[in-house]
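Observations on the model geometry
Spelled out, the chains give:
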Amino acid sequence: MAGGEGAGSGVPECREHLFKVLVIGELGVGKTSIIKRYVHQLFSQHYRATIGVDFALKVINWDSKTLVRLQLWDIAGQERFGNMTRVYYKEAVGAFVVFDVTRGSTFEAVSKWKHDLDSKVLLPNGSPIPAVLLANKCDQKKDGSQNPSQMDQFCREGGFVGWFETSAKDNINIDEAARFLVENILANYKTFPNDENDVGKPKLDLDPLKAESKSQCC
Ligand SMILES: Nc1nc2c(ncn2[C@@H]2O[C@H](COP(=O)(O)OP(=O)(O)OP(=O)(O)O)[C@@H](O)[C@H]2O)c(=O)[nH]1
Ligand SMILES: [Mg+2]
């Protein structure tokens, strides 16, 4: 599967990854809107709460030899107290934890979501899956942006690999945040290059997604 020329064929080998990524956070913070913006370049002011879980797939031509399929799991905010998160989180290799910059209570809940995540899913080596914090609806923030040093410290202490101010409405930083998360996931992938611990091959059997990781990319 490694890059380079295929044995004797003269055809460059491509690498294809399927990564399951969770999008979690309180009700109404903009999880569905972020995914819709990222995958479909759409935004709607209308709020319709997600029930249970929803799915979306984003295909990224990472580089000339690498195709990344991001399977985005949009977990309803109301699931925080539900028992289903254990099932939903299974075999995820990365996460976005989202809060709404205009509602302080959603930031306060971030740590609970992160603890819930870390208690239910881990990488093959037992460390937490990379999680990126998203301060969403930054287009609405009236009294300036997040304090960067405070946010950096919060991320260090809370075990986040990084944070971004985002707006699904104005399409701010969503591609950048996704790219950053994928970089972190790929870094873990390099740590587990053998098949047994290959985080790039989640053993998913999802209907209706039925996403597969086949080697026929680019
Ligand atoms: N101004 C602004 N509004 C946003 C943004 N993102 C989402 N919204 C609005 O916030 C509301 C909730 O957005 P959703 O994406 O449905 O929130 P959610 O996190 O999926 O909510 P649940 O499914 O209930 O957990 C909707 O009215 C969106 O239009 C943003 O970046 N800026
Ligand atoms: Mg939703």
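Residues numbered from 1 in each chain as written. Chains lettered and ligands numbered in written order. Predicted model: local features only at pLDDT ≥ 70, side-chain atom pairs only at ≥ 80, totals over all residues. Heavy atoms only, no water.

Describing the coordination of the magnesium ion (ligand 2)
- The protein atoms that coordinate the magnesium ion (ligand 2) are Thr32 (OG1) and Thr50 (OG1), at distances of 2.0 Å. Of the two residues, Thr32 is situated in helix 1 (residues 31–40) and Thr50 in the loop between helix 1 and strand 4 (53–63); the sequence distance between them amounts to 18 residues. (Donors = N, O, S within 2.8 Å, 3.2 Å for Na, K, Ca; no water. Helix = DSSP H or I, 4+ residues; strand = E, 2+ residues; numbered from the N terminus.)

Digging into the nonpolar core
- Of all hydrophobic cores here, the largest spans 28 residues; its most connected members are Tyr38, Leu70, Leu72, Phe96 and Leu134.
- Secondary structure elements with two or more residues in this core: strand 3 (15–25), helix 1, strand 4, strand 5 (66–75), strand 6 (94–100), strand 7 (131–136) and helix 6 (174–191).
- Examining the composition of this core, we find that seven residues originate from one element, helix 6, more than from any other.
- With near-sequence residues (within four places) excluded, Tyr38 lies in contact with Lys58, Ile60, Leu70, Leu72, Ile174, Asp175 and Ala178.
- In terms of nonpolar packing, the next biggest core, distinct from the first, is built from 25 residues, Leu22, Val110, Ala135 and Phe160 among them. (Core = buried A, V, L, I, M, F, W, Y, C linked by side-chain atoms within 4.5 Å. Buried < 20%, exposed > 50% of the residue type's maximum accessible area, 1.4 Å probe, protein only. Contact = heavy atoms within 4.5 Å.)

Description of the site of ligand 1
- In the region of ligand 1, 24 residues are neighbours, and Lys31, Ser33, Ser44, Gln45 and Tyr47 sit closest.
- Separating a nitrogen atom of ligand 1 from a side-chain N or O atom of Asn136 is a distance of 3.2 Å.
- One nitrogen or oxygen atom from the side chain of Ser167 is found 3.4 Å from an oxygen atom belonging to ligand 1.
- Here ligand 1 has 660 Å² of accessible area as a free molecule, and 94% of this is covered by the chains.
- In terms of residue class, the shell around ligand 1 is made up of seven nonpolar, 12 polar and five charged. (Near = heavy atom within 4 Å. Polar contact = N/O pair within 3.5 Å; in protein donor to acceptor, adjacent residues only side chain to side chain. Areas by Shrake-Rupley, 256 points an atom, 1.4 Å probe, with all protein chains shown as cover. Nonpolar A, V, L, I, M, F, W, Y, C, P; charged D, E, K, R; others polar.)

Side note on the sheet that holds strand 5
- Strand order in this open sheet of six strands is 4-5-3-6-7-8, and the pairing throughout is mixed. The open sheet has two edge strands, strand 4 and strand 8 (162–165), and neither has a second partner. For this sheet, the mean angle separating the axes of adjacent strands, direction not counted, is 25°.
- Two strands pair when backbone bridges link them, and strand 6 and strand 7 are joined in this way by six bridges, in the parallel orientation. Each bridged residue has a counterpart across the sheet, and for Val98 the counterpart in strand 7 is Leu134.
- Lying over the sheet, helix 5 (residues 148–158) contacts strand 6, strand 7 and strand 8, oriented at roughly 140° with respect to strand 8. (Pairing = 2+ DSSP bridges. Axes fitted to C-alpha atoms, helices over the stretch in contact; angles between N-to-C directions.)

Scope: geometric values only; no functional claims are made or implied.
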